[in-house]
Amino acid sequence: MRYPKLAQPWIALFLAILAELGIALFVLSVVSVPLIAVWVGIPLLLVVVPAARWFANCHRTLLAGFLGERIPRPYKKPPMPGMLMRLRTILTDPQTWRDIVWLLVNAVIGFTLCLLSAVLFLATLFYLVYPLLVGVTPEGVFTEPFGGLFTVNFWTSFLLMPVALLAFMIWNAAGERLLKANAFVARSLLGPTESAKLAMRVRELAESRAETVDTQAAELRRIERDLHDGAQARLAALSMNLGMAEEMVARDPAQAAALLTEARESASTALSELRDLVRGIHPPVLADRGLDGAVKALAMSCPFKVDVTFDVPGRPPAPVESAAYFAIAECLANAVKYSAATTAWIQITHEVEKLHMIVGDDGVGGAVIRPGGGLYGIERRLAAFDGTLTVVSPSAGPTTVIMELPCESSSLKTTPSSGTA
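Residue positions are given per chain, counted from 1 along the sequence in the order it is written. Local features in a predicted model are, by the rule used here, given only for residues with pLDDT of at least 70; side-chain atom pairs are given and counted only at 80 or more, and totals for whole chains, interfaces and linings are based on all residues. Working from all heavy atoms in the structure, the side-chain values ignore hydrogens and water.

**Side note on the overall build of the chain**
What the chain contains, in helices and strands, is 11 helices and seven strands. Partly exposed residues are those whose accessible area sits between 20% and 50% of the maximum for their type, while under 20% is buried and over 50% is exposed, using a 1.4 Å probe and protein chains only. Counting only residues that meet the buried cut, the chain has 37% of its 421 residues in that class. To measure how exposed things are, a 1.4 Å probe is used in the Shrake-Rupley method; for residues, cover is taken only from the protein chains shown. Accessible surface for the chain amounts to roughly 23,700 Å². Of this, 66% is attributable to carbon and sulfur atoms. Per the convention used, a helix needs a DSSP run of H or I reaching at least four residues, while a strand needs a run of E reaching at least two, with both numbered from the N terminus.

Structure representation (structure tokens):
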């Protein structure tokens, strides 16, 4: 989220003040390293480095409003617990030293850029109210000629109004650029290097793979349990009923007929359970009618009105299509369970080599991503495809869930099943 134009000067002034406060952290960081030899530097470093990282993380958050994207935090995690292991990780982490260099650079370059941007705006305000200041100031204060041109009084002070206009024009043209320049300088030092990006990517893929394996194992256990406790038990009862009916058909036709009726009901129930199980694995409607038809079928099954907008020029690959379907299904299920909504909407488009999905409702809001929750499951499912999930859900509603899945145009397939439902 970008900052409003009029909020930028005050943020710039705040950043300029923070830049000078960072000098203390820079000095303590530099001093603590040689003091490791006498053991004093160890506790000092274990305190100063987290403080410097917190300080850098605050700037990563603040500067994201000028960059339009957040700056990642590429810090290494200690492989094992313990003070010495933590100290070793800190000293061998290149980002630790990049943070220290940034503290000094920010105190010089960052301070200058931010202060200049703020001063241009403050000069505009000052010269706008300058006649008022002269008017309320006792006589004799503004007696010196201004630049040797004229003596300042209430009436001549209005001659300085163009200075306010000039300062405003310069600030309007260069103020935000100065702050962006500071943000780019900070990102070059606070952001990850190419090797750090690769390490972060490998870690994300390893975590995603582990979670995907765990999810698949849990899904297999669920399928096995449902088959064992549901359809398998009913089919076993069906077999017993048919055997008993076969024995009684000659001596007690009425009892045999009752057993056959019970067997037919058991077969119907088992068939329904098998259909539900198959639908949970891969819905037939998704295979037959594509994502468009499957999502519209989901919308029709909801207890409230759901508007569906689908604008994808083809059919995504099966894994992407399946992930998108189950993500949308989970969002709708959450809306039905928790939102008390009366209407909802689904928008699916394909732009910039990504499948964009928006699911919203007019419910009570307050939805958050919690570990173990439905939204968290969606996030991890999408992460396996390098997808993202963003939830916008103020306490008073409405709730909007924005999801993206990489899907290249070349992978879209145009088939008869990709038509509208």
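**Some words on the layout of surface pockets**
Here a cavity denotes grid points, spaced 1 Å and computed from the protein atoms alone, that fit a 1.4 Å probe unable to get out, and a pocket denotes an open set having protein on both sides within 12 Å along at least 5 of 7 lines; residues with an atom within 4 Å of a point are the lining. Grid points are joined across faces, edges and corners, and a volume is the space filled by probe spheres set on the points. In this structure, the largest pocket encloses a volume near 1,100 Å³. Lining of the largest pocket is provided by 27 residues; of these, R70, P72, M200, R201 and E204 occupy positions nearest its centre. Broken down by element, the lining of the largest pocket gets its largest block of residues, nine residues, from helix 7 (residues 194–248). Charged residues are taken to be Asp, Glu, Lys and Arg, nonpolar residues to be Ala, Val, Leu, Ile, Met, Phe, Trp, Tyr, Cys and Pro, and polar residues to be all remaining types, Gly included. Across the lining of the largest pocket, the residue classes tally to 10 nonpolar, four polar and 13 charged.

**Some details on empty space enclosed by the protein**
Enumeration over the complete set of coordinates arrives at two cavities of 30 Å³ or more. In this structure, the largest cavity occupies an estimated 50 Å³ of space. Along its surface, the largest cavity is lined by S29, V49, A52, R53, T96, D99 and I100. Contributing elements (two or more residues each) for the lining of the largest cavity: helix 2 (41–67) and helix 4 (94–128).

**Some thoughts on the UniProt feature "transmembrane region" (unreviewed entry) in the chain**
UniProt positions are given in the numbering used here, feature names are shortened, and annotations may be inferred rather than shown by experiment. Under the UniProt annotation, the feature "transmembrane region" (unreviewed entry) is placed at residues 12–30, 36–56, 100–130 and 150–171. Along residues 12–30 one finds 100% helix and 0% strand; the C-alpha atoms at either end are 27 Å apart. End-to-end, the C-alpha atoms of residues 36–56 are 23 Å apart, and along that stretch the chain is 76% helix and 0% strand.

**Notes on the packing of aromatic side chains**
Aromatic pairs are defined between Phe, Tyr and Trp rings, using the six-membered ring for Trp, whenever the two ring centres lie within 6.5 Å; interplanar angles under 30 degrees are classed as stacked, those over 60 as edge-to-face, and all others as tilted. Applying the stated criterion to the full structure yields six aromatic pairs. Measuring from ring centre to ring centre gives 5.3 Å for Y325 and F326, while their planes differ by 80 degrees; the resulting arrangement is edge-to-face. The burial state of Y325 is the same as that of F326; both residues are buried. The structure contains a cluster of three or more aromatic residues connected by ring pairs, namely W10, F121, F168 and W171. Consider the ring centre and the ring normal. A charge sits over the ring if Lys NZ or Arg CZ is within 6 Å of that centre and within 35 degrees of that normal. The ring of W171 has K5 lying over it, and the distance from NZ or CZ to the ring centre is 5.2 Å.

**Concerning the sheet that holds strand 5 (residues 354–361)**
Read from one edge of the open sheet, five strands run 3-4-5-7-6, paired in mixed fashion. Looking at strand neighbours, the two that pair on one side only are strand 3 (305–311) and strand 6 (388–392), the edges of this open sheet. Pairs of neighbouring strands in the sheet enclose a mean axial angle of 10 degrees, with direction left out of account. Where strand 5 and strand 7 (residues 399–406) come together, eight bridges link them in antiparallel fashion. Bridging across to strand 7, V359 finds its partner in V401. This element, helix 11 (residues 374–383), spans strand 6 and strand 7 of the sheet and lies at about 150 degrees to strand 6. A pair of strands is considered paired only if DSSP assigns at least 2 bridges between the two. Here an angle of 0 to 180 degrees is reported between the N-to-C directions of two axes, which are lines fitted to C-alpha atoms, with helices fitted over the stretch in contact. Residue contacts follow a heavy-atom distance rule, with two residues in contact if any of their heavy atoms lie within 4.5 Å.

**Description of the confidence of the model for the chain**
In the predicted model, the chain carries a mean pLDDT of 81, and 84% of its residues have values of at least 70. Scored from 0 to 100, pLDDT reflects the predictor's confidence in each residue. Scored below 50 in pLDDT, residues 416–421 shows 15 contacts in the model against residues more than four places distant or in partner chains.

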